[in-house]
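Summary of the model geometry
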Amino acid sequence: VEIHPYFRNEALVEWCVAEGIHVTAFSPLGSPDSATMLHRTAPVLMQDPAVQAIASRIGRDVGQVLLRWGLQKRPTSSILPKSVNPERLKGNLDLSTWELSEGDMHILNSLSGQQRMVDGSYFLNEEGPYRTLHDLWDDA
């Protein structure tokens, strides 16, 4: 399930929890590469001034802040970060020794712009089964 501060997907996650379904979040960094691939013009989560300010203030990188948010927001869920950079991989493993403050969590939980970064438009085809985004998603 796509989950990050720009698309918290709260209704679906709450339903999954109620039904005993484990949630795994993909694109926890807001899919920064997808803007180019999908010709998307939405804001870039990793460049959000609030996220950058938190990272700067606590001495962590933006990716670590977003991954920690995912773990802290939904402690029974898992997240799927993606990287081939050795330093980032190392930073991704250093998430259990610290937490975001309640205030920082509130800021990240309040970011506006709730929209998918990976909208599934690459699955659309005139011959179906997904001809429109509405065919693909319940909320489109």
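Below is a summary of the structure that appears in this document. (Residues numbered from 1 in each chain as written. Predicted model: local features only at pLDDT ≥ 70, side-chain atom pairs only at ≥ 80, totals over all residues. Heavy atoms only, no water.)

Quick notes on empty space enclosed by the protein
The final tally for this structure, using the stated rule, is one cavity of 30 Å³ or more. There is about 60 Å³ of room inside the largest cavity. The wall of the largest cavity is formed by Ile3, Ala25, Pro28, Trp69, Gly70, Lys73, Arg74, Ser77, Ser78 and Ile79. Breaking the lining of the largest cavity down by element, the ones donating at least two residues are helix 4 (62-73) and strand 2 (78-80). (1 Å grid on protein atoms, 1.4 Å probe; cavity = no way out; pocket = protein on both sides within 12 Å on 5 of 7 lines; lining within 4 Å. Points joined across faces, edges and corners; volume = space filled by probe spheres on them. Helix = DSSP H or I, 4+ residues; strand = E, 2+ residues; numbered from the N terminus.)

Observations concerning the side chain of His4
Within the element layout of this structure, His4 appears in the segment before helix 1 (10-18). A polar atom in the side chain of His4 sits 2.8 Å from the side chain of Glu2. (Polar contact = N/O pair within 3.5 Å; in protein donor to acceptor, adjacent residues only side chain to side chain.)

Some remarks on the side chain of Asp104
Position of Asp104 among the secondary structure elements: in helix 6 (residues 102-109). Contact partners of Asp104, with chain neighbours within four places excluded, come to Ile54, Arg57 and Ile58. (Contact = heavy atoms within 4.5 Å.)

Considerations on helix 6
Helical geometry: 3.6 residues make up each α-helical turn, so side chains three or four residues apart lie on a common side. The complete set of buried residues in helix 6 reads Asp104, Met105 and Leu108. What you see down the axis of helix 6 is that its buried residues fit within an arc of 100°, all on one side. Opposite the buried face of helix 6, by more than 90 degrees, sit the exposed residues Glu102 and His106. Where helix 6 is buried, its residues contact helix 3 (49-58) and helix 4. (Buried < 20%, exposed > 50% of the residue type's maximum accessible area, 1.4 Å probe, protein only. Arc of directions from axis to C-beta.)

Nothing here speaks to function; it is all geometry.
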